[in-house]
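# A look at the structure
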Amino acid sequence: MLQVTRFDTAKPYDAKKHFGMSAVRLQGQGVSDLENYWVGFSTFLPGGGAEQGSAPTAKVYVVLDGEITVTTAEGDTVLEKYDSCYLPPNLERSIENKTNHVVQMLVISPN
C-alpha cells in the first residue's frame, strides 16, 4: 500500500542540539510503516545549525536549497544545492548555515 506524507501536514520533531531550524518527519518512525530508516526535512534559518556532537547511527544529508557547512575534525565542508554527504556512526560534527539564505535539507538515517 502506498503511504503518502503530505508536506503541509508533516509533523515536526525535536532535533537535539539544533538551533535556528525546524524539522518535520516525512517517513518512518511512526509516520509510515518504513522500518529500517527514517527521512526528515530540515529548514535552517541564517545562523542556524547543530552543536558539535555525534550520533550512534549514520546519517545522509541532501541539500535541496541553499548551502550548509559541515565541520568535522578534517575541517569545513560546504554542501551546496543537490550536494549530499554520508556521516558514519559516531563521527563528531557540527553544522551551520553561514549564509543569509534559508537552507532546506533532507536527513536520512537508520533507526
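This text goes with the structure placed above it.
Residues numbered from 1 in each chain as written. Predicted model: local features only at pLDDT ≥ 70, side-chain atom pairs only at ≥ 80, totals over all residues. Heavy atoms only, no water.

## What to know about the side chain of Thr 43
- With respect to the helices and strands, the residue Thr 43 is situated in strand S2 (residues 37-53).
- The buried category is assigned to Thr 43, whose relative accessible area is 19%.
- Beyond its immediate chain neighbours, meaning those up to four positions away, Thr 43 contacts Gly 20, Met 21, Ser 22, Val 102, Val 103 and Gln 104. (Helix = DSSP H or I, 4+ residues; strand = E, 2+ residues; numbered from the N terminus. Buried < 20%, exposed > 50% of the residue type's maximum accessible area, 1.4 Å probe, protein only. Contact = heavy atoms within 4.5 Å.)

## Brief notes about the packing of aromatic side chains
- Taken as a whole, this structure holds 2 aromatic pairs when the rule is applied.
- The interplanar angle of 75 degrees and the centroid separation of 5.7 Å between the aromatic rings of Tyr 13 and Trp 38 together place this pair among those described as edge-to-face. Within this pair, whereas Tyr 13 is found in the segment before strand S1 (18-27), its partner Trp 38 is found in strand S2, the two being separated by 25 residues in sequence. Summarising the burial analysis for this pair, Tyr 13 and Trp 38 share the class buried.
- Just above the ring of Tyr 13 sits the side chain of Arg 25; from NZ or CZ to the centre is 4.0 Å.
- Seen from the ring of Trp 38, Arg 25 lies directly overhead, with NZ or CZ sitting 4.5 Å from the centre. (Phe/Tyr/Trp six-rings, centres within 6.5 Å; stacked < 30°, edge-to-face > 60°. Lys NZ or Arg CZ within 6 Å of the ring centre and 35° of its normal.)

## Focus: the pairing of strand S8 (residues 103-110)
- Covered by surrounding structure in S8 are Val 103, Met 105, Val 107 and Ser 109 only, the residues Gln 104, Leu 106, Ile 108 and Pro 110 on the alternate face being uncovered.
- The pairing of S2 with S8 spans 8 bridges and is classified as antiparallel. What sits directly across from Gly 40, in S8, is Val 107.
- One ladder, built from 5 bridges, connects strand S3 (residues 59-65) with S8; its direction is antiparallel. In the strand pairing of S8, Val 62 is matched with Leu 106. (Pairing = 2+ DSSP bridges.)

## Comments concerning the layout of surface pockets
- Of the pockets and cavities examined, the largest pocket occupies roughly 580 Å³.
- Lining the largest pocket are 28 residues, and of these Lys 16, His 18, Ala 55, Lys 59 and Arg 93 lie nearest its centre.
- Elements represented by at least two residues in the lining of the largest pocket include exactly S1, S2, S3, strand S7 (93-96) and S8.
- Element by element, the count of residues in the lining of the largest pocket is highest for S2, at 7 residues.
- Among the residues making up the lining of the largest pocket, the classes are represented as 12 nonpolar, 9 polar and 7 charged. (1 Å grid on protein atoms, 1.4 Å probe; cavity = no way out; pocket = protein on both sides within 12 Å on 5 of 7 lines; lining within 4 Å. Points joined across faces, edges and corners; volume = space filled by probe spheres on them. Nonpolar A, V, L, I, M, F, W, Y, C, P; charged D, E, K, R; others polar.)

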